[in-house]
Amino acid sequence: MYLVTTGNRKAKDRWVRAGLLLIAVLFLGIFLIVPLVAVFAKALEEGVSVYAAAVAESDALAAIKLTLLITGIVVPLNLIFGLAAGWCIAKFSFPGKSFLLTLIDLPFAVSPVISGLIFVLVFGAQGLLGPWLDQYNVKIIFAVPGIALATAFVTFPFVARELIPIMQSQGKEEEEAALTLGANGWKTFWRITIPNIKWGLLYGVILCSARAIGEFGAVSVVSGHIRGMTNTVPLHVEILYNEYQFVASFAVASILTLLAIATLIAKSIIEERSHVH
């Protein structure tokens, strides 16, 4: 009787596992694989030459360059902020620590469109600092600085939020031991702290870069949609689609898709390396 019951239970468990696996595969197929195939199928619908022409078009190249420029500005700034915030929060106790954590999480709670509107209200022509900026001919909104500010705001939690729990779990015994043995603060930071958090740091940088490249809402508000000047790749895709240039829009969108796939691959590699170490 026991053997029969055990055999039935194992058979039932196999069916449950098979059912869950089937659901997972169907979910991935419907929500991930099919959209990816659709993007590339539509992008290549009229041939490789049309695809290449859409990607090499001057406005598309300008959008790609601007996206890479904004990412190159935002990611190092968030890297510095994330390291500083993680170090302070994980290693020290100070008044306002919980408030600082709340501020770090703020972009997760605020819609990107709202954050873009906030920058318009502060730096726009009719905003709080608008007249002063106009007096000195400083362009923030509808220019690269505004796009960089909006992107930095929506992405700054990623590095910090990845590093804080890692630093907290590691404690500060190794740093204190190094300081006791005569190492200065910078040497302790570079020789002890950075090697201990390197995988989490890379993981946070990858997530931050992916969000910076694909950000739409906040950038859409502050950019002004000036073709060839303030359009990032997501905004350029939207404009092409609204103009019924479907093949061109999907061709440019495929670049974002390739970057997303590269991000997923890098993310998987780092997760595997971090578990090994």
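Heads up: these notes are all about the structure in this document. (Residues numbered from 1 in each chain as written. Predicted model: local features only at pLDDT ≥ 70, side-chain atom pairs only at ≥ 80, totals over all residues. Heavy atoms only, no water.)

## Observations concerning the nonpolar core
Formed by 23 residues in total, the largest nonpolar core has its most connected members in Ile-70, Ile-104, Phe-119, Ile-147 and Val-222. Residue assignment for this core shows that the elements contributing at least two residues are helix H3 (58-91), helix H7 (144-155), helix H8 (157-170) and helix H11 (217-223). Of all the elements, H7 adds the most residues to this core, at 6 residues. If near-sequence neighbours (up to four positions away) are discounted, Ile-104 is found in contact with Phe-81, Ala-85, Ile-89, Phe-156, Pro-157, Ala-160, Arg-161 and Ile-164. With 15 residues, the next largest nonpolar core counts Ala-43, Ile-64, Ala-251 and Val-252 among its residues. (Core = buried A, V, L, I, M, F, W, Y, C linked by side-chain atoms within 4.5 Å. Buried < 20%, exposed > 50% of the residue type's maximum accessible area, 1.4 Å probe, protein only. Helix = DSSP H or I, 4+ residues; strand = E, 2+ residues; numbered from the N terminus. Contact = heavy atoms within 4.5 Å.)

## A closer look at the layout of surface pockets
As a volume, the largest pocket reaches approximately 240 Å³. In this structure, the largest pocket is lined by 13 residues; those nearest its centre are Phe-123, Gly-124, Ala-125, Lys-139 and Ile-141. When contributions to the lining of the largest pocket are tallied by element, the ones reaching two or more residues are helix H5 (112-123) and helix H6 (130-135). Top element by residues in the lining of the largest pocket is H6. It accounts for 3 residues. By residue class, the composition of the lining of the largest pocket is 8 nonpolar, 3 polar and 2 charged. Put simply, the second largest pocket is a space of about 180 Å³. Ala-210, Ile-213, Gly-214, Pro-234, Val-237, Leu-256, Leu-259, Ala-260 and Thr-263 together form the lining of the second largest pocket. When residues in the lining of the second largest pocket are grouped by element, the largest group, 4 residues, is from helix H13 (residues 246-276). Class assignment for the residues of the lining of the second largest pocket results in 7 nonpolar, 2 polar and no charged. (1 Å grid on protein atoms, 1.4 Å probe; cavity = no way out; pocket = protein on both sides within 12 Å on 5 of 7 lines; lining within 4 Å. Points joined across faces, edges and corners; volume = space filled by probe spheres on them. Nonpolar A, V, L, I, M, F, W, Y, C, P; charged D, E, K, R; others polar.)

## A closer look at the packing of aromatic side chains
Counted by the stated rule, this structure contains 13 aromatic pairs. Geometrically, the ring pair formed by Phe-108 and Phe-158 is edge-to-face, given 5.6 Å between the ring centres and 90° between the ring planes. Of this pair, Phe-108 sits in helix H4 (residues 97-109) while Phe-158 sits in helix H8, and the two are 50 residues apart along the sequence. Residue classification places Phe-108 among the partly exposed residues on the basis of a relative accessible area of 47%. Take Phe-158: its relative accessible area is 17%, and that puts it in the buried class. (Phe/Tyr/Trp six-rings, centres within 6.5 Å; stacked < 30°, edge-to-face > 60°.)

## Some points on the packing of H3 against H4
Close contact between H3 and H4 brings their axes to 11 Å; oriented N to C, the two are set at 150°. Relative to H4, H3 is oriented roughly antiparallel. Here H3 and H4 pass one another in a crossing that is left-handed. Residues Phe-81, Ala-85 and Ile-89 of H3 lie in contact with H4, whose contacting residues are Lys-97, Leu-100, Leu-101 and Ile-104. Residues of the contact of H3 with H4, tallied by class, amount to 6 nonpolar, no polar and 1 charged. (Axes fitted to C-alpha atoms, helices over the stretch in contact; angles between N-to-C directions. Parallel < 35°, antiparallel > 145°, perpendicular 65-115°, else oblique. Left-handed = near helix turned anticlockwise from the far one by under 90°.)

## Quick notes on the pattern of salt bridges
Applying the stated criterion across every chain yields a total of 5 salt bridges. The partner of Asp-105 in a salt bridge is Arg-161, and the shortest N-O contact between them spans 2.9 Å. Taken together, the residues span a long stretch of sequence, with Asp-105 in helix H4 and Arg-161 in helix H8 at a distance of 56 residues. Judged by its relative accessible area of 27%, Asp-105 is partly exposed. Its salt-bridge partner being Glu-243, residue Arg-227 comes within 2.7 Å of it at the nearest N-O pair. Of this pair, Arg-227 sits in the loop between H11 and helix H12 (233-242) while Glu-243 sits in the loop between H12 and H13, placing them 16 residues apart in sequence. For Arg-227, a relative accessible area of 35% corresponds to the partly exposed category. For Glu-243, a relative accessible area of 37% corresponds to the partly exposed category. (Salt bridge = Lys/Arg side-chain N within 4 Å of Asp/Glu carboxyl O.)

## Some thoughts on the environment of Leu-100
Its location among the elements puts Leu-100 in helix H4. Along the backbone, Leu-100 and Lys-198 are 98 residues apart, and their C-alpha atoms lie at a distance of 23 Å. Excluding residues that lie within four positions of it along the chain, Leu-100 makes contacts with Ile-89 and Phe-94.

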